[in-house]
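Below, each chain spelled out in residue letters.
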Amino acid sequence: MSFFKCIFIVCAVLMNINIAAQNYAALVAGVSTVYTSGLPSSMFPYNSAAVPIVAGASTASFPSIFAMAAAYGSGKVVGVAHEGVFGNSDIVLYQNNTFALNICNWLDQSNLNTVAISSGHGEWANYNNLTTFRTNLQNAGYTVTNLATSLTAASLSGKGLLIIGNAWGSFTAAEIAALNAYISGGGGVLMMGLGWSWEAYNSGGAATYPMNIIGNTFGLHWTATTISDATNQYNGQPLFTTLYPQSANLMTVASACDYINNTTATYPATLPTVLQNDATLRTNYINAHLFMKQTILTLPAGNSLRQDIFDCYENLINTYPSYFKKGVIYNSTTQNNFAWIRERVQRNYADALVLTPALKTQISNTLGLSGEYEWIWTNFSTLLADNSALDAPQKSFLFKLYSAIPSTLHNLRLMSFADELGAPPVASSGAIPNFLTGVNASINSFSNTIGTYPENQFPSEVPAGSTDIFCAAAAHEINHIVDAYYIEGNTAFKNRKTQLIAQAGNDSLNYLRSTLPSGFFVSSPQEFIASIANQWCTDTKKALDLALIRFNAGRSQPLNQFLYMANIYTLGLYHTVFYSNNTQANFSSKYVKIGRDSQNRLNSICYDGVSYNFVLDATGNVTAYSTTACTDCQITPTITGDAAECSNNVSVYSIPAQAAGSIYQWIVTGGIIVSGQGTNSIQVQWYDDANGTVKVNVVK
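The residue numbers shown here count from 1 along each chain, following its written sequence. Whole-chain, interface and lining totals are the exception, using all residues; otherwise, since this is a predicted model, local features are given only for residues with pLDDT of at least 70 and side-chain atom pairs are given and counted only at 80 or more. As a rule here, side-chain values come from all non-hydrogen atoms in the structure, and water together with hydrogens is ignored.

Chemist: I'm lost on the packing of aromatic side chains in this one. Help?
Modeler: Any pair of aromatic rings gets described here by the distance separating the centres and the angle formed by the planes. Only Phe, Tyr and Trp rings take part, Trp by its six-membered ring, and two of them pair if their centres are within 6.5 Å. Stacked means planes under 30 degrees apart, edge-to-face means over 60, and tilted covers everything else. Here the structure, examined in full by the defined rule, presents 43 aromatic pairs. A ring pair is formed by Tyr-72 and Phe-218, whose centres lie 4.8 Å apart and whose planes are at 80°; its orientation type is edge-to-face. Note that Tyr-72 is positioned in strand S4 (residues 65-72) and Phe-218 in the loop between helix H7 (210-215) and strand S11 (220-226), a separation of 146 residues in sequence. Of the residues examined, Phe-218 reaches a relative accessible area of 2% and is grouped as buried. Ring centres of Tyr-209 and Trp-222 lie 6.4 Å apart, and the angle between their planes is 85°; this geometry places the pair in the edge-to-face category. With Tyr-209 in the loop between helix H6 (195-201) and H7 and Trp-222 in strand S11, this pair connects stretches of sequence that are 13 residues apart. Taken individually, Tyr-209 and Trp-222 each receive the classification buried, so the pair is uniform in this respect. Within the aromatic cluster, the residues linked to one another by ring pairs are Phe-397, Phe-417, Phe-470, Trp-536, Phe-562, Tyr-569, Phe-578, Tyr-579, Phe-587 and Tyr-607. Criterion for a charge above a ring: Arg CZ or Lys NZ at most 6 Å from the ring centre, at most 35 degrees from the ring normal. The ring of Tyr-607 is capped by Lys-590, whose NZ or CZ atom sits 5.2 Å from the centre of that ring. For the purposes of this entry, the term helix denotes a DSSP run of H or I that reaches at least four residues, the term strand denotes a run of E that reaches at least two, and both are numbered from the N terminus. The rule is simple: take the accessible area with a 1.4 Å probe, protein chains only, and divide by the maximum for that residue type; under 20% is buried, over 50% is exposed, in between is partly exposed.

Now the structure itself:
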């Protein structure tokens, strides 16, 4: 043990010597404030070599890194998060010019006193418009030249440093190789970028941004996140006053992990109370977790820092299980901050790596998930952030609801219940549930006890269809994600939704959910699908009855909306899903056969022996309908496999193969699907205390 400890200490000392040798403090000598009048983006360390040099104050939006530096081979690089900081109007403000000269002196370690400004790649800041910067450099003894040609060994030879000012043009592989060789050999490069501007006007996201393509090698990454600060700002833009070494304290994975571990170890029995009462400690502790969140969101799946984050949280949770595992209910008034922090910890841990069945089991075991918490996580990759406070009927309903909604319709990772958590932390980085956002989607719902708050989801034309508000809210919120993920990702569905709202207009009676004010969906189109879901997941057949009654009365739009919703739930195949629920959460679902016309448009629904046949016009709107007899086609295939599962055994379950193109959704309680999800045969690893079930939904 002592041998390994000595190795660790030697590595740590060498790392500190390396950092000290770079003299990052020289970059901010004589600087107290950096400022840009433009909307600044943020930077993020893409690997452990990058060191934050300038950041926003603790009240700034998170993350707030404005400048970073790194060593690469024998050379150095610096990145800043807005090219305007050294533009003609801003370089004269605060200590911007001092900062600029410090950077150039630090980068030009060979004292060549020569600067090349790149102008051949669509740079927004270039030789022609950085006139004040050029003059200041010349006054400081530098020779400044314009590099309007390609980056090559020859064009970079003899240059003490190179400036690249927010390039939007591409760099060839040969240029990137020449740039890397130049830096590795002792050259210096100042890179100025603006991530949000690239992503706002170009496709492909951050990965296609030329500044990231050349900067990621050195740990420099520009994000689309903008930085704001309501208290430490000038003319609406933040003042950057957190400088090295303070800027690096919580803004690397290693430093954030150390801070979290050290703080937790300092208060092994009183941390929730201490964080509740100490605002400064709480802010730093929360910001360390938010930094981990942003790292996960920013870096690609294969980046090694994500594994570091996963390991950090696994160790934290296992070392302090009473704090971070599922089970303890924190007081939502006196321990609300830690209630939220625990959910943030669990989310970071679950988001850090790409999920596999084995990894989901590992995460479940580490978090101490059991029952429906475990089943919802292992089947649907969704965490319930509820302060461990949901009761058995609530969890049972949620599992049944998730099981009945085709999983390919949403990408939900976390469902929170903020009313069980209490007021969010001051440093919550946004409104509920933004504190808990991360990889994939998040929603927030209500935790009202089932049976205490019934609500009729239908207007007076049909008999009351009431369900408990807990159930209605859960279905409503999940369908927000169906809208944002599935519909918005499908051009045809997206355009049709826009068309349906335009056709219905401001008249509330033109909508299935007509109990809302006139004009509601025109002004709030994001509520259209979620509101239909209130009725759909309470009594789908009653929603159809309502649509037909309105059609017979001369209002065709509710029926158009019904068929649209039914088509979404078909996944493009030949069955949709009808639901039924009541105030006691007696919930069920049924696959219902549908028909399609020659244009693949849904034009018939067979339910309880009645086929509803629809005549559609060129735009897909219903012009007439009729009813005929039909044969229901509820698919209930026989599952074969081990009838008595054994703890830790792997069992195989299968059904006969269905028609080509069929979708298979297996639901398992008491174990996890190891392989085969989406096919007609699965392997299930049973838990230690296995007492489970196997179910399959098939859509063809």
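Chemist: Where do I start with the side chain of Asn-581 in this structure?
Modeler: With respect to the helices and strands, Asn-581 occurs in the loop between strand S20 (575-580) and strand S21 (588-596). Assessed through its relative accessible area of 7%, Asn-581 is described here as buried. Polar contacts, as used here, are pairs of N or O atoms within 3.5 Å; protein pairs need one atom able to donate a hydrogen and one able to accept it. Residues neighboring in sequence count only if both atoms are side-chain atoms. Here the side chain of Asn-581 touches Asn-586 through a polar contact of 3.4 Å, landing on its backbone nitrogen. Contacts: residue pairs with any heavy atoms within 4.5 Å of one another. Not counting chain neighbours up to four residues away, the residues in contact with Asn-581 comprise Phe-397, Ser-466, Thr-467, Cys-471, Cys-537, Thr-538, Asn-586 and Phe-587.

Chemist: Where do I start with the nonpolar core in this structure?
Modeler: Nonpolar side chains tend toward joint burial in soluble globular proteins. Ranked by internal contacts, the top residues of the largest apolar core, which has 199 residues, are Ile-53, Phe-86, Phe-99, Leu-398 and Phe-562. Ranked by residue count, the leading element in this core is helix H18 (residues 469-487), at 9 residues. Ignoring anything within four residues of it in the chain, the contact list for Ile-53 reads Tyr-24, Leu-27, Val-28, Ala-67, Met-68, Ala-69, Phe-99, Thr-242, Leu-243, Tyr-244 and Ser-247. Residues grouped as a nonpolar core are buried Ala, Val, Leu, Ile, Met, Phe, Trp, Tyr and Cys residues, joined through side-chain atoms within 4.5 Å. Residues Tyr-653, Ile-655, Tyr-664 and Ile-682 belong to the second largest nonpolar core, which totals 11 residues.

Chemist: For this particular structure, what's the right way to read the sheet that holds strand S28 (residues 671-675)?
Modeler: Sheet strands associate in pairs through backbone hydrogen bonding, adopting either a parallel or an antiparallel arrangement. A pair of strands counts as paired when DSSP detects no fewer than two bridges linking them. Taken together, the 4 strands give an open sheet; going across it, the order is S25-S26-S29-S28, and neighbouring strands pair in antiparallel fashion. Each edge of the open sheet carries a strand with a single partner, namely strand S25 (640-641) and S28. Pairing geometry for strand S26 (residues 650-654) and strand S29 (residues 681-686), over 5 bridges, is antiparallel. For Ser-651, the partnering residue across the bridge sits in S29 and is Val-684.

Chemist: Would you mind going over the pattern of salt bridges with me for this structure?
Modeler: Close approach of charged atoms allows side chains with opposite charge to pair. Salt bridge criterion: a side-chain nitrogen from Lys or Arg within 4 Å of a carboxyl oxygen from Asp or Glu. A full pass over the atoms with the stated rule returns 11 salt bridges. In this structure, Lys-326 engages Asp-386 in a salt bridge whose closest nitrogen and oxygen atoms are separated by 2.8 Å. With Lys-326 in the loop between helix H12 (321-324) and helix H13 (336-351) and Asp-386 in the loop between strand S15 (383-385) and helix H16 (392-404), this pair connects stretches of sequence that are 60 residues apart. With respect to burial, Lys-326 and Asp-386 carry one shared label: buried. The salt bridge partner of Arg-550 is Glu-461, with a shortest N-O separation of 2.6 Å.

Chemist: Any chance you could explain the sheet that holds strand S16 (residues 412-416) here in plain terms?
Modeler: Read across the open sheet, the 3 strands follow the order S15-S16-S17; overall the sheet is parallel. Pairing within the sheet leaves two strands with one partner each, and these edge strands are S15 and strand S17 (441-444). Neighbouring strand axes in the sheet, compared pairwise and without regard to direction, differ in orientation by 20° on average. Of the strand pairs in this sheet, S16 and S17 are connected by 4 bridges, and their pairing is parallel. Axes here refer to lines fitted to C-alpha atoms; in helices the fit is confined to the stretch in contact. Angles between the N-to-C directions go from 0 to 180 degrees.

Chemist: Is there a simple way to explain the state of the cysteines in this structure?
Modeler: Between two cysteines, a covalent bond joining their sulfur atoms is known as a disulfide. Sulfur atoms of two cysteines make up a disulfide when they are within 2.5 Å. Taken as a whole, this structure holds 2 disulfides when the rule is applied. Each sulfur in the disulfide pair Cys-257 and Cys-312 lies 2.1 Å from the other. On the S-S bond that ties Cys-257 to Cys-312, the torsion sits near 105°, and the link is right-handed. Within this pair, whereas Cys-257 is found in helix H8 (residues 253-266), its partner Cys-312 is found in helix H11 (residues 304-319), the two being separated by 55 residues in sequence.

Chemist: How should I be thinking about the pairing of strand S9 (residues 161-167) in this particular structure?
Modeler: It is a general feature of regular strands that their side chains alternate between the two faces of the sheet. Counting buried residues along S9, 7 of its 7 residues qualify, which places the element largely inside the surrounding structure. The pairing of strand S6 (residues 114-118) with S9 spans 3 bridges and is classified as parallel. Within S9, the residue paired with Ala-116 across the bridge is Leu-162. With 2 bridges joining them, strand S7 (residues 123-125) and S9 adopt antiparallel strand pairing. Considered in S9, the bridge of Glu-123 is made with Ala-167.

Interpretation note: all reported values are geometric properties and have no functional meaning in isolation.
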